[in-house]
Amino acid sequence: MGPVATLVLAFMVLSLITKFTWEKIEFFLKSNIKYRIMDSLAAYIYYGDDIGVEASLKLDSPSSDIYQRRLVGQQYLASKLEATKPKDGVECHGKTLAASLVDCRFALAKVCMPLMRELEFSNAGRNFIAEVRNGSPRNDVNGTSNGSASAHDEGAAGILTVVTEDGVARPYVGNDAVHTLGVESFYAPIQKEVNRQMSLDDKENKESMMRYCPIAMNSALEKNVGLIKRLTGMDKVRYALSGSEAVDAALKDIKASCKNKPLIVRFTSAYHGHVSGVSFLACDNHVFLPECSQDSIDFIERYHYRIAAVIVNPMQHFTGVNKPSPPGEKVTHSSRIRSSVPRDEYARWLHSLQYKCNYCTKYLSKVALVMDDIYFAFRTPDLLSSQYFLHPDTQAPLKPDVMILGKALAAGYPLSAVVGREGFLNSYDKKFLLQVNKTVGTLAAWHGGIIASNVFLEALEGRGGSDGQPLLKIGAKEQFSNLVRKCDAFSQSLNARFANEGLPVRIRNFSNTFSVDFLNKSLYNSRYPQYLLAEGIFLGNYSTGKFNLNADVTMSDWKCLEEKFVSAASKMQRDGYFEPMKSAAKTKLYLSLMTKFARNYAWIYYNQIMNDKHIDIEVSHNHPVNKFGHFWSSVGMIVFAYPLLFWYCDPLKGCLCFFLTHVVRQSGHFFYEHQDKNIEKLKFGHKDASKKEAVVFLSLATLVYKYRETLYDFVIQYIDPSFLELTLEQYVLAIALFTVVPHFVEICYQYGWLRGVSWALKILTDPFTDLLDFYTHVVIHPKWFLDLKEQRATYQLDITTKKVVKVA
């Protein structure tokens, strides 16, 4: 190869390495670093022993007056929220059921941030719903009649009221994100029509049995595809059961359609589901860009050759650009002030994003714009984000390449859909034989969901009745308009009350989705849901980070809720829980928390090491000779080996003493201990072969040293001899270390560095703890030295009684 070719090749290699490295660095910096750090810290942030209610009320170093007010407030909340004992013979269903459920959305009793865990109250008796009421007249939580809905409530039947197993009726301020409209005005007629079409007793309905033939084309499916295409203006449809599944399927299909480009662009804090592939953690090859930023648009063009899709959650318009959707009160440790982006401004951003994706697709490489409408759709008269965010100047609708719709598409039945333009969903040359469909689902287009979706979509169009008449008495879009108007009016009225009474709380809404903001930088803002509970409101387990109300709420209901929200905030302010935390108090708290977490984890770490020692002794140190040998070998290590190694720095004598004491130590295992090979595996770091490998290694090391001159003359022909010029002390120390280092490296590789270090600490401290464990065997009866084990026998140990039986 000539110098020119060498130069060109070197330049090519260096350029590729530089570009690859720069890309990886930029993609890493735009990945979900924050969530990965939080996830990595999850195993170390341990609360430890309870500090008590009184100490929990003083975390922000309050004045004496504030502290006394908080104590009074704690007593008030306890009087309202402490679980009452069930009557004799009456089972507490909620408590029993919660013990069997894993999904915390059902069993969760916590509404405060984690640091307030000792201020929680048991929800036994009020978390199990015995009855749900809808309609008027009805009784409020105090047992008095609210009256019937007014003429201005457009068919509203009244707020949902739940009766819990403690017998108390509470207005439902919950987390139903799907059912937006009224039960009687919308969902009841839809449910009735779905039941009719799904009835197995309907002899005229030839498709009622279709539910038993999944993944089969039929007229109901044909109708649904047509309705969805007409609603969205798209060309292709894929079905799933939930929103998260639909997002995952959409991204797989898009990658297949975009020549398997690996990268997905999403935006800071935007939620797109919880399944692997789309959650904040299990999302390899996802980058997180800031919304409403020209740099983000430039990034898309710069890396078009890597990017398959740009996915947007339009609810960020409500949540706040680059702000997380409120996850209950889990992270509410200070103020929470957010403002919606103006609709026109956000629309302009989305249209700019659409233009850039279309530009890349037309001139560079295919990049799909995906609108995740799972939460956004079917909350306004516009129905979809594409119609809601019209271009401010041209009034043109958005035209995304792919749109994702959730269970609202089927009135709450398990059905979701991915719809897209031609060429963006699972579109590739099928002659590539190893490129296969990566998304399957036996019930992805479940017939019941398809029927419900048909009824729902026809109702939106003003049709759907079995007699050819409209299914709904009040049109769906009119109902959506009324819903938006009433929810907006509630927010405005309630916020005016908050402001007039000097309360540092505000609410925000997008249609029927509400969020609570806190104006003061108080550590205790997350107690507000408890005060709402004390007012007799039934909250979902998401607490008030975000809640939903449906169109059945009447004017009197809105007034009732307004009074309760204001009353809760007033009492919380009276009790000193909105008091802002001073900077000095925050610094003090953070330092104390870091100290507490470090101390707690050190204690966990210590207990882990001691537990490893305990298991080691329980399973493989039962024979008296083995205990005797361990005691005296420990004495030898402590008196001779450790001082020579660590104090006098004499590795030759130290390793010799260490070797001799270990011969005594391991002889008890080899000749006497009746080891149960299976139970031995309970020991952490157990590797029976490693001891034998160490013996072989030491033997080989001795031979190498004996014939070192011959080996030296041979080896220096191939390598630099200075590498082999070790003193005897250095050689012995290296050999000693290599009897344990390989096993240490293997443990670190399998279980992590901290676990490897804990194993090393256990090994180093074993001589000291063995003195305490085996001091009773300083002297043993000589008969035990005759009790040698059979080397080829198989033993079984009863770890409870310590009896050993030879089984083979």
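Quick caveat, the model's predicted, so the values are computed rather than measured.

(A) A look at the overall build of the chain. Across its full length, the chain carries 25 helices and 16 strands. A total of 808 residues make up the chain; the buried ones form 45% of that total. Sequence separation of 24 or more characterises 75% of the internal contacts of the chain that already satisfy a separation of 6 or more. Counting only carbon and sulfur atoms, one obtains 61% of the accessible surface of the chain, whose full area is about 42,000 Å².

(B) Structural detail: a nonpolar patch on the surface. Residues Val4, Val8, Leu9, Phe11, Met12, Val13 and Ile17 make up a contiguous nonpolar surface patch of roughly 670 Å² in combined accessible area. Its relative accessible area of 43% is what places valine 8 among the partly exposed residues.

(C) Here's a closer look at the side chain of lysine 261. Here lysine 261 is to be found in the loop between α9 (243-257) and β5 (263-267). Lacking a salt bridge, the buried lysine 261 has aspartate 401 as its closest oppositely charged neighbour, with an N-O distance of 10 Å. From its side chain, lysine 261 meets the backbone oxygen of histidine 304 in a polar contact 2.8 Å long. Ignoring anything within four residues of it in the chain, the contact list for lysine 261 reads Lys255, His304, Tyr305, Arg306, Ile307, Ala308, Ser365, Lys366 and Val367.

(D) Looking closely at the sheet that holds strand β6 (residues 286-289). Strand order in the open sheet made by the 7 strands is β4-β10-β9-β8-β7-β5-β6, with mixed pairing throughout. Lying at the two open borders of the sheet, with one neighbouring strand each, are β4 (236-240) and β6. This sheet shows a mean twist of 20 degrees between the axes of neighbouring strands, independent of strand direction. Lying over the sheet, α9 contacts β4, β5, β6, β7 (307-312), β8 (368-372), β9 (402-405) and β10 (416-420), oriented at roughly 150 degrees with respect to β7.

(E) Broad picture of the pairing of strand β3 (residues 169-173). Within β3, 5 of the 5 residues are buried, which leaves it mostly tucked inside the rest of the structure. With 3 bridges joining them, strand β2 (residues 161-164) and β3 adopt antiparallel strand pairing. Residue pairing in the sheet places valine 162 in a bridge with arginine 170 of β3. Turn length for the β2-β3 hairpin, with the two strands adjacent in sequence and antiparallel, is 4 residues, and the turn residue glycine 167 shows positive phi of about 85 degrees.

(F) Summary view of the sheet that holds strand β1 (residues 129-133). Read across the open sheet, the 4 strands follow the order β1-β2-β3-β13; overall the sheet is mixed. The open sheet has two edge strands with one neighbour each: β1 and β13 (538-539).

(G) The arrangement of the environment of leucine 472 in detail. In this fold, leucine 472 is placed in the loop between α14 (447-460) and α15 (476-500). Classification of leucine 472 by relative accessible area gives buried; the value is 10%. Residues leucine 472 and serine 185, 287 residues apart in the sequence, show an inter-C-alpha distance of 7.0 Å. Ignoring any residue separated from it by four or fewer positions in sequence, one finds leucine 472 in contact with Ser185, Phe186, Pro189, Ala459 and Gln479.

(H) Representation of the packing of helix α8 (residues 219-232) against α14. Where α8 meets α14, the axes come as close as 9 Å, and the angle between the chain directions of the two elements is 45 degrees. Judged by the angle between their axes, α8 and α14 are oblique. The two elements α8 and α14 cross, and the hand of that crossing is left-handed. Contacts between α8 and α14 involve Ala220, Leu221, Lys223, Asn224, Leu227, Ile228 and Leu231 from the former and His447, Ile450, Ile451, Ser453, Asn454, Leu457 and Glu458 from the latter. Per-class residue counts for the contact of α8 with α14 are 8 nonpolar, 4 polar and 2 charged.

(I) Region of the structure containing the nonpolar core. Core analysis: the biggest nonpolar cluster contains 92 residues, and Met116, Ile190, Phe378, Phe498, Tyr528 and Leu549 have the highest contact counts within it. With 8 residues, the single largest contributor to this core is α14. Apart from the residues within four sequence positions on either side, phenylalanine 498 is in contact with Leu503, Val505, Arg506, Ile507, Tyr528, Phe565, Val566 and Ala569. Counting residues in each nonpolar core, the second largest holds 31 residues, with Val287, Cys357, Cys360 and Val367 among its members.

(J) The packing of aromatic side chains, seen in detail. For the structure shown, the criterion picks out 39 aromatic pairs. Ring centres of phenylalanine 490 and tryptophan 558 lie 4.8 Å apart, and the angle between their planes is 35 degrees; this geometry places the pair in the tilted category. You can see phenylalanine 490 sitting in helix α15 and its partner tryptophan 558 sitting in helix α17 (residues 555-574), a full 68 residues away along the chain. As far as burial versus exposure is concerned, phenylalanine 490 and tryptophan 558 are alike and both buried. Each ring, one from tryptophan 603 and one from tyrosine 606, has its centre 5.5 Å from the other, and the planes form 25 degrees; the classification is stacked. With tryptophan 603 and tyrosine 606 both in helix α18 (residues 583-620), this residue pair falls 3 residues apart, about one helical turn. Among the residues examined, tryptophan 603 registers a relative accessible area of 54% and is labelled exposed. Of note, arginine 343 hangs over the ring of tyrosine 388, and the distance from its end group to the ring centre comes to 3.5 Å. The side chain of lysine 596 reaches across the aromatic face of tyrosine 47, ending 4.7 Å from its centre.

(K) Fine view of α15. Taking 1.5 Å of rise per residue, the 25 residues of α15 would be expected to cover 36 Å, and the 36 Å separating its terminal C-alpha atoms lies within 8% of that figure. Glycine 502 lies just past α15 and shows a positive phi near 70 degrees.

(L) The pattern of salt bridges, seen in detail. The final tally for this structure, using the stated rule, is 33 salt bridges. Ionic pairing is found between arginine 133 and glutamate 131, a salt bridge with its closest N-O pair at 3.4 Å. Exposure remark for arginine 133: the relative accessible area of 31% places this residue in the partly exposed category. Close ionic contact of aspartate 616 with lysine 762 constitutes a salt bridge, the shortest N to O distance being 3.1 Å. Linking aspartate 616 in helix α18 with lysine 762 in helix α25 (residues 753-774), this pair joins segments that are 146 residues apart in sequence. Each of Lys613, Asp616, Glu680, Lys683, Lys762 and Asp766 takes part in one network of salt bridges that share partners.

(M) Looking closely at the pairing of strand β12 (residues 513-518). Burial runs high along β12: 6 of the 6 residues are buried. Burial along β12 is two-sided: the face carrying Thr513, Ser515 and Asp517 and the face carrying Phe514, Val516 and Phe518 are both buried. Pairing analysis gives 6 bridges linking strand β11 (residues 505-510) to β12, with the strands arranged antiparallel. Bridge pairing in β12 places arginine 506 opposite aspartate 517. If you look at the hairpin formed by β11 and β12, you'll find 2 residues sitting between the two strands, and serine 511 has a positive phi there, around 55 degrees. As defined by bridge partners, β12 adjoins strand β14 (residues 547-548) across 2 bridges and the pair is classed as antiparallel. Residue pairing in the sheet places threonine 513 in a bridge with asparagine 548 of β14.

The rules we used
Residues numbered from 1 in each chain as written. Predicted model: local features only at pLDDT ≥ 70, side-chain atom pairs only at ≥ 80, totals over all residues. Heavy atoms only, no water. Helix = DSSP H or I, 4+ residues; strand = E, 2+ residues; numbered from the N terminus. Buried < 20%, exposed > 50% of the residue type's maximum accessible area, 1.4 Å probe, protein only. Contact = heavy atoms within 4.5 Å. Areas by Shrake-Rupley, 256 points an atom, 1.4 Å probe, with all protein chains shown as cover. Patch = residues over 30% accessible without salt bridge, like charges linked within 9 Å, V, L, I, M, F, W, Y side chains within 5 Å. Salt bridge = Lys/Arg side-chain N within 4 Å of Asp/Glu carboxyl O. Lys, Arg positive; Asp, Glu negative; His and termini not counted. Polar contact = N/O pair within 3.5 Å; in protein donor to acceptor, adjacent residues only side chain to side chain. Pairing = 2+ DSSP bridges. Axes fitted to C-alpha atoms, helices over the stretch in contact; angles between N-to-C directions. Parallel < 35°, antiparallel > 145°, perpendicular 65-115°, else oblique. Left-handed = near helix turned anticlockwise from the far one by under 90°. Nonpolar A, V, L, I, M, F, W, Y, C, P; charged D, E, K, R; others polar. Core = buried A, V, L, I, M, F, W, Y, C linked by side-chain atoms within 4.5 Å. Phe/Tyr/Trp six-rings, centres within 6.5 Å; stacked < 30°, edge-to-face > 60°. Lys NZ or Arg CZ within 6 Å of the ring centre and 35° of its normal. Expected span 1.5 Å × (residues − 1).

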